[in-house]
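# Inside the fold
As a plain string of letters, each chain reads:
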Amino acid sequence: MGPKKGKGGAPPPPPEENYLKAENKVALIKETTMEKDMQETAVNAAKEGLEKYNIEREVAGHVKQHFDNTYGPYWQCTVGRNFGSYVSYDDFYTYFYLGKVAILLYKNGTNG
């Protein structure tokens, strides 16, 4: 007979690290149509969101709101580590990583 199976068993696995809070995030730009200053604004807004929030949706909302306020409306933002996308954008698009976190930010729509 093998070992008894019971409720005691192995200890639970350690909690998964919060990949949103990794220290010393360095931006790795994968693709962009943004000028350098706008790209730096995107990276800084994403860093602020990652410091402030623990949920991808809230980080994305922070970046979107910052860009809507700074550059006008119709920005879209996706934050996470396992997502695919195929988007249409107007003039501005960027896709970058901060640590293990991927950020996709683009403008889709015009003011009038």
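Everything discussed here concerns the structure shown above.
In this text, all values refer to a predicted model and were calculated from it rather than measured experimentally.

The description of two aromatic rings rests on the distance between their centres and on the angle between their planes. Using the criterion set out here, one finds six aromatic pairs in the structure. Between tryptophan 75 and phenylalanine 92, the aromatic rings sit 6.1 Å apart at their centres with planes inclined by 25 degrees, giving stacked as the arrangement. Linking tryptophan 75 in strand β2 (residues 75–80) with phenylalanine 92 in the loop between β2 and β3 (93–98), this pair joins segments that are 17 residues apart in sequence. An aromatic cluster is built from Phe67, Tyr71, Trp75 and Phe92, whose rings are joined through pairwise contacts.

Turning our attention to helix α1 (residues 36–52). The terminal C-alpha atoms of α1, which comprises 17 residues, lie 24 Å apart, in line with the 24 Å expected from a rise of 1.5 Å per residue. At its buried positions, α1 is contacted by β1 (27–32), α2 (56–71), β2, β3 and β4 (101–107).

Moving on: α2. The terminal C-alpha atoms of α2 lie 22 Å apart, and with 16 residues this matches the ideal 22 Å at 1.5 Å per residue to within 8%. Buried residues of α2: Val59, Ala60, His62, Val63, Phe67 and Asp68, and no others. Elements that come into contact with the buried residues of α2 comprise α1, β2 and β4. Note on α2: the residue one or two positions beyond its end, glycine 72, has a positive phi of about 95 degrees.

By the criterion of burial, β4 is predominantly enclosed, with seven of the seven residues buried. What you see with β4 is no split at all: Val101, Ile103, Leu105 and Lys107 on one side and Ala102, Leu104 and Tyr106 on the other are buried throughout. Of the strand pairs in this sheet, β2 and β4 are connected by six bridges, and their pairing is antiparallel. Paired with threonine 78 across the strands is leucine 104, a residue of β4. Of the strand pairs in this sheet, β3 and β4 are connected by six bridges, and their pairing is antiparallel. For tyrosine 97, the partnering residue across the bridge sits in β4 and is alanine 102. The hairpin turn running from β3 into β4, its antiparallel successor, is two residues long, and glycine 99 in that turn takes a positive phi close to 65 degrees.

Now for the sheet that holds β2. If you walk across this open sheet you meet the four strands as β1-β3-β4-β2, and the pairing is antiparallel. The outermost strands of the open sheet, each flanked by one partner alone, are β1 and β2. Sheet twist, expressed as the mean angle between neighbouring strand axes with direction ignored, is 15 degrees. The strands that α1 touches are β1, β2, β3 and β4; relative to β3, the one it contacts most, it runs at about 45 degrees.

In this structure, Phe67, Ile103 and Leu105 are the most contacted members of the largest nonpolar core, which totals 21 residues. When residues of this core are traced back to their parent elements, those giving at least two are α1, α2, β2, β3 and β4. Residues in contact with leucine 105, not counting those within four places in the same chain, are Met34, Ala42, Val63, Phe67, Trp75, Gln76, Cys77, Phe92, Tyr93 and Thr94. Tyr93, Tyr95, Leu104 and Tyr106 belong to the second-largest nonpolar core, a separate cluster that totals five residues.

Basis of the calculations
- Residues numbered from 1 in each chain as written.
- Predicted model: local features only at pLDDT ≥ 70, side-chain atom pairs only at ≥ 80, totals over all residues.
- Heavy atoms only, no water.
- Phe/Tyr/Trp six-rings, centres within 6.5 Å; stacked < 30°, edge-to-face > 60°.
- Helix = DSSP H or I, 4+ residues; strand = E, 2+ residues; numbered from the N terminus.
- Expected span 1.5 Å × (residues − 1).
- Contact = heavy atoms within 4.5 Å.
- Buried < 20%, exposed > 50% of the residue type's maximum accessible area, 1.4 Å probe, protein only.
- Pairing = 2+ DSSP bridges.
- Axes fitted to C-alpha atoms, helices over the stretch in contact; angles between N-to-C directions.
- Core = buried A, V, L, I, M, F, W, Y, C linked by side-chain atoms within 4.5 Å.

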